[in-house]
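Structural overview
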2 protein chains.
Amino acid sequence: MTRVMVTDDHPVVRAGLRALLEASGLEVVAEASSGAEAVALISRMPVDVVLMDLQMGEGIDGVEATRLVLDRPSPPAVLILTTYDTDADILRAVEAGAAGYLLKDAPPESLVDAVHRAARGETVLAPLVAQRLVTRMRSPAPSLSGRELEVLSQVAEGASNRQIAKRLVVSEATVKSHLVHVFTKLGVDSRTAAVAAARESGLLR
Amino acid sequence: MTRVMVTDDHPVVRAGLRALLEASGLEVVAEASSGAEAVALISRMPVDVVLMDLQMGEGIDGVEATRLVLDRPSPPAVLILTTYDTDADILRAVEAGAAGYLLKDAPPESLVDAVHRAARGETVLAPLVAQRLVTRMRSPAPSLSGRELEVLSQVAEGASNRQIAKRLVVSEATVKSHLVHVFTKLGVDSRTAAVAAARESGLLR
DNA sequence: GCCCGCCTACAACTTTTGATGGATGCGGGT
DNA sequence: ACCCGCATCCATCAAAAGTTGTAGGCGGGC
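Note that the structure is a prediction, hence the values are computed from the model and not measured. (Residues numbered from 1 in each chain as written. Chains lettered and ligands numbered in written order. Predicted model: local features only at pLDDT ≥ 70, side-chain atom pairs only at ≥ 80, totals over all residues. Heavy atoms only, no water.)

1. Some remarks on the pattern of salt bridges
Residues and elements named next belong to chain B. Selection rule: Put simply, a salt bridge is a Lys or Arg side-chain nitrogen that is within 4 Å of an Asp or Glu carboxyl oxygen. Helix and strand definitions follow DSSP, with helices as H or I runs of at least four residues and strands as E runs of at least two, each counted in order from the N terminus. Working definition: with a 1.4 Å probe on protein chains only, accessible area under 20% of the residue-type maximum means buried, over 50% means exposed, and in between means partly exposed.
Under the counting rule described, the total for this entry stands at 26 salt bridges over all chains. D53 is the salt-bridge partner of K104, the closest N and O atoms lying 3.6 Å from each other. Residue K104 is located in the loop between strand 5 (100-103) and helix 5 (108-119), and its partner D53 is located in the loop between strand 3 (49-52) and helix 3 (62-71); the two are separated by 51 residues in the primary sequence. Taking relative accessible area as the criterion, K104 reaches 6% and is therefore assigned buried.

Right under this line is the structure:
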């Protein structure tokens, strides 16, 4: 019997997953409402497959939780189950070792099927997700440095260079430098175009 | 007995709602996976409360479906159940006559409670939502003219004033004029801040 | 008819942003 | 130890963007 744990901060989703999975003969042995709770539970009870939501409010995010779960001895398979296919975290999740990536609008059968496959050690990706993965491999998402991303997100919130400089405690010239690098990496030549491009490629939400 | 219909394009969510509601003695007599389906079903079966998701992929959106459902003779109460409290559609939904607005991360009890209240004809808003409603009433969403919005959305896509002027076949000076008006209405003083503010208040997708 | 909001347009001026080129320091690899 | 790449930082100058004020034509509402 495959033992499943569901991790999601929405009670409704947890109940839905439990209902769908148990209707197909799978055994939901635990529910966690946060990444932290998932990690804590996993060390105290044997589980074969973990269904993990990516966007969870407080604390550890889904990717980090995935990493922690897979860090223990004889880890379960972790299936990411999320709402968005545009998410930039797809890559991070797969890199973290997730056994699969499903969308919440998936039909119940494919959900159940995915759990079974994961339990057998297979990798399972939603078609849409797989597609995005390969397109992103072809035109790799330019990786911004920590500082660059920090600056860019402030820009996205409408801050001026002067404001950003003040907040980050650097000179305005420095902020401009970071921006120039961002522009080059994204292939644009203005701050507004930069946030548009970053949004497009999921670097910015 | 209160008869409930759940409308959501995610099977998982539908199953979750059904499970939670039925565990509390409510009767889920129908499920719809789209706004159109909800409208079609409602005319053929008596229902007391409709739980309606706002963001549904194809076709009619939640607000429109709400309007249509409430248009029939002796309509059910419509409870909006959605993921985001930032949603600009909150206002539209309430205007459309929704009996309440809940967030998907609500605890099961408050969900069940809300359905009962709605069935009794009461209005029920999640605290967070109520808060946003009043703040938005206090500072009403500034309405942009057609041209202003047109310019602003090009800005949001990263276009320069020159490019916008070319595309809209007007002079650059005109574009600047429109932008000045947008800035005043939104209470900001830069294009990036304008798109941030417009996003915040839902003027821009 | 008259007022008002919208779209259009221009000029002149200030501020912000972007371009260019160069400097420092840290960490990885050989 | 040395070099290289990269993130970080800075200054100067040119180019957009934003400010202010003004104005004609056009449509709808009173």
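Anyway, onward from the coordinates.
2. Considering the protein's contact with DNA strand D
This is how it is decided: A cutoff of 4 Å decides nearness: a residue is near a molecule or strand if any of its heavy atoms lies inside that distance of it. Under this definition, polar contacts are N or O atom pairs within 3.5 Å; protein pairs additionally need one hydrogen-donor-capable and one acceptor-capable atom, and for neighbouring residues in sequence, both atoms have to be side-chain atoms.
By nearness alone, 21 residues border DNA strand D, and S145, R147, T174 and S177 of chain A together with R191 of chain B come closest of all. Protein-proximal atoms of DNA strand D, defined as those within 4 Å of the protein, fall in sugar or phosphate at a share of 66%. Take S145 of chain A: an N or O atom from its side chain is 2.8 Å from a phosphate oxygen of DNA strand D. Within the side chain of H178 of chain A, one N or O atom sits 3.3 Å away from a phosphate oxygen of DNA strand D. Mapped onto the surface near DNA strand D, the elements with two or more residues apiece are helix 7 (146-156) and helix 9 (172-186) of chain A together with helix 8 (161-168) and helix 9 (172-186) of chain B.

3. What about the relation of the copies chain A and chain B?
Rule in force here: Least squares is the method used to superpose the copies, on C-alpha atoms of residues holding a pLDDT of at least 70 in both. Between two residues, a contact is recorded if the distance between any of their heavy atoms is within 4.5 Å.
Once chain A has been moved 0.5 Å along the axis and rotated by 179°, it coincides with chain B to within an RMSD of 1.7 Å. One copy is carried onto the other by what is essentially a two-fold rotation axis. Relative to the rotation axis, the C-alpha of G16 of chain A is the closest in chain A, positioned 1.5 Å from it. A share of 100% of the interface residues of chain A reappears at the interface of chain B, consistent with the copies meeting face to face through the same patch.

4. Examining unusual backbone geometry
Residue and element names in this part refer to chain B. Of note, the phi angle at S74 is positive, near 40°, even though the residue is not glycine. With respect to the helices and strands, the residue S74 is situated in the loop between helix 3 and strand 4 (77-82). Of note, the phi angle at V169 is positive, near 55°, even though the residue is not glycine. Relative to the assigned elements, V169 resides in the loop between helix 8 and helix 9. The exposed category is assigned to V169, whose relative accessible area is 71%.

5. What about the pairing of strand 2 (residues 27-32) of chain A?
As a general feature of sheets, a regular strand has side chains that alternate between the two faces. Residues and elements named next belong to chain A. So the rule is basically this: Here the rule is simple: two strands pair whenever DSSP picks up at least two bridges between them. The definition of a right-handed crossover adopted here requires that, viewed with the strands pointing away, the path from the first strand over the helix to the second runs clockwise.
Pairing of strand 1 (residues 3-7) with strand 2, which is carried by five bridges, proceeds in the parallel orientation. Opposite R3, over in strand 2, you have E27 as the bridge partner. Read from strand 1 through helix 1 (residues 11-22) to strand 2, the crossover connection turns out right-handed.

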